[in-house]
Amino acid sequence: MESFEKINQNIRTVFRSGRTKSLEWRRAQLMSLLKMLDVNREKFSQVLKEDLNKCKSEGLLFEIDFTRNALVDSINKLKKWTTPKKAKKGLLYTMDKAYIRKEPFGVALIIGAWNYPVQLTILPMVGAIAAGNCVVLKPSEISLNTAALLEELVPKYLDQEAVQVVNGGIQETTALLKEKWDYIFYTGNSMVGKIVMKAAAEHLTPITLELGGKSPVYVDEGVDLGIVANRIMWGKCTNAGQTCVAPDYVMCSKTTQEALTEAIKQTLQNFYPDGPAKSPDFCRIVSDKHYQRVKKCIQGGGTVAVGGDVKDEERYVSPTVLVDVKFSDSIMQDEIFGPILPIIPVENEDVAINFINTGPIGNTPLTLYVFSSNTELRNKIMKETNSGSVCFNDTLSQCNLPSLPFGGVGNSGMGAYHGKYSFDTFSHKRSILERELKMEGMNDARYPPHTDDKYAK
Ligand code: NAD
């Protein structure tokens, strides 16, 4: 393995040669990436199964096809996105050309997380390549089968000199972060986010941080709890709750808590008729360390009303509902990142808003979910809170629209991507003014000596 310094130098030389800037190169690379996904569809499904026990349809829906759709969209819109945009001009610039070109930053370091190991690596790479950058990709060492497959396939399909995969853990990532990159795109937890930001600051490298947190759900009175239960538990059970935008906890009235718990039992019966442990559709916790953490959450507060089962040998944690949880309970102090749903009975929306705004791990969740048909209440929550995104009456679906930027705010991250926002994230807006060496008389007033009569003219 070459040293990271050498990798950095070599890839920088490739960028300086200018070849990644051409539209032909970008289109060819994106087409190859598409081919890589299509030809190796089964292999990608297989590694997702090995890493997370992800069933085929979940892998396709949330990772492989999700990424594929973004690729097709980028290929189709590349020309439009890269066309320079004319800028407005004042009278003094009548004869000139003023425009903005979206240009690549240079060499982008992309550090992925394990929970969606295909999507969280390839999707940012699509944006980086579409924008004409070179890429060093560092997949998560925890989803090791996916990481190994990416290391095997990417050099087979993409320009080996301009796009490289580096595998490794904390030691390797730490060493990579010592080098100067032109852009860093990091997905993972906030603690490491701070490490990445400090490292980037050393070189004044721009960054995107896609972090996590506790995404709240508020359930209003008078909503159809059968539907609400389906939509919350879909968000909570997908990837066994190991989703950055998973609904973390629910706040509702005491009466709603009771009815919602009953509705959730029915939902789980419908989702997993033979029980989630036997269902091929229910994922496992990714590693022993994470399993121990999630398992502990079952005793994290309140009373177990649904589930609460574990199987150590499989790292299985059943979908679990905890009722009568308090804000001060241990499960409410950190992101759960597992299939456990605490419900906190609250008197009214003000109590819920207050917790969102003063919560222990920050006041700006990645996503905020509200189940309500009351426009006034929805507006009030919008007005009095802040979050990366908001989704009314559903979970997860806001991430599936490429026209909506995906990203956090404050402690849940900075910057955003998906669709054109991925291209924009990896592009520098270069301002260009083209003038002619003519009409020098027009410039008389700007040159010294500065006398009053010049401006009065
Ligand atoms: P992880 O353990 O895979 O870490 C992410 C990356 O950081 C890996 O590539 C890893 O090698 C690197 N890393 C880990 N420790 C490091 C260190 N000390 N120094 C330098 N690099 C280090 O993933 P994770 O952090 O467990 O991921 C889960 C978290 O990520 C959750 O908080 C989740 O909400 C968040 N997340 C956010 C998004 C998003 O798009 N906003 C998506 C997925 C996950």
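Everything below is about the structure shown above.
Residues numbered from 1 in each chain as written. Predicted model: local features only at pLDDT ≥ 70, side-chain atom pairs only at ≥ 80, totals over all residues.

Asker: I tried to follow the pairing of strand E7 (residues 207–210) on my own but got confused; where do I start?
Answerer: Sheet faces and side chains relate simply in a regular strand, where the side chains alternate between the two faces. Sheet analysis places strand E6 (residues 183–187) next to E7, joined by four bridges and oriented parallel. Bridged to Phe185 within E7 is Thr208. Crossover connection from E6 via helix H8 (residues 190–203) to parallel E7: handedness right-handed. One ladder, built from two bridges, connects E7 with strand E17 (residues 413–414); its direction is antiparallel. (Pairing = 2+ DSSP bridges. Helix = DSSP H or I, 4+ residues; strand = E, 2+ residues; numbered from the N terminus. Right-handed = clockwise from strand over helix to strand, strands pointing away.)

Asker: It is not clear to me how the sheet that holds strand E15 (residues 367–371) should be interpreted in this structure. Could you clarify?
Answerer: Through backbone hydrogen bonds, the strands of a sheet pair up, either in parallel or in antiparallel fashion. The seven strands are arranged E10-E13-E14-E9-E8-E15-E16 in an open sheet whose pairing can be described as mixed. Only two strands of the sheet have a single neighbouring strand rather than two, namely strand E10 (303–306) and strand E16 (389–392). Going from strand to strand, the sheet's axes swing by 25° on average, the running direction of each strand aside. In terms of strand pairing, strand E8 (residues 215–219) meets E15 through three bridges, oriented parallel. Residue pairing for E15: Tyr218 is matched across the bridge by Val370. (Axes fitted to C-alpha atoms, helices over the stretch in contact; angles between N-to-C directions.)

Asker: Can you walk me through the environment of Glu50 in this structure?
Answerer: Within the secondary structure, Glu50 is located in helix H3 (residues 41–52). Taking the number of C-beta atoms within 10 Å as the measure of exposure, Glu50 has 15 and is therefore partly exposed. With 94 residues separating them in the primary sequence, Glu50 and Leu144 have C-alpha atoms 9.1 Å apart. (Buried ≥ 20, exposed ≤ 12 C-beta atoms within 10 Å, placed from the backbone.)

Asker: Can you walk me through H8 in this structure?
Answerer: Because each turn of an α-helix spans 3.6 residues, side chains separated by three or four positions end up pointing in the same direction. Helix length check: H8 (14 residues) gives 20 Å between terminal C-alpha atoms against 20 Å at 1.5 Å per residue, within 8%. Structurally, H8 contributes buried residues whose contacts are with strand E3 (107–111), helix H7 (170–178), E6 and E7. The positive-phi residue at the C-terminal boundary of H8 is Leu204, with phi of around 50°. (Expected span 1.5 Å × (residues − 1). Contact = placed C-beta atoms within 7 Å.)

Asker: Sorry, what's going on with the environment of Phe371 here?
Answerer: Looking at the element boundaries, Phe371 is found in strand E15. When the C-alpha atoms of Phe371 and Asp274 are compared, they prove to be 29 Å apart, with 97 residues separating the residues in sequence. Leave out the neighbours within four places in its chain, and Phe371 touches Val219, Asp220, Val223, Val228 and Asn393.

Asker: Is there a simple way to explain the site of the ligand in this structure?
Answerer: In the vicinity of the ligand, 28 residues are found, and the nearest of them are Ser140, Gly188, Glu210, Gly212 and Cys244. Listing elements by their share of the shell around the ligand, those giving two or more residues are H7 and H8. No other element matches the three residues that H7 contributes to the shell around the ligand. (Near = placed C-beta within 6 Å.)

Asker: Explain the pairing of strand E9 (residues 247–252) here, please?
Answerer: Counting buried positions along E9 gives six out of six residues, so the element sits mostly inside the fold. Strand direction decides the pairing type here: E8 and E9, joined by four bridges, are parallel. Bridge pairing links Pro216 to Tyr249 in E9. In this fold, E8 hands off to helix H9 (residues 225–237), which returns the chain to E9; that crossover is right-handed. The pairing of E9 with strand E14 (residues 340–345) spans three bridges and is classified as parallel. Paired with Cys252 across the strands is Pro345, a residue of E14.

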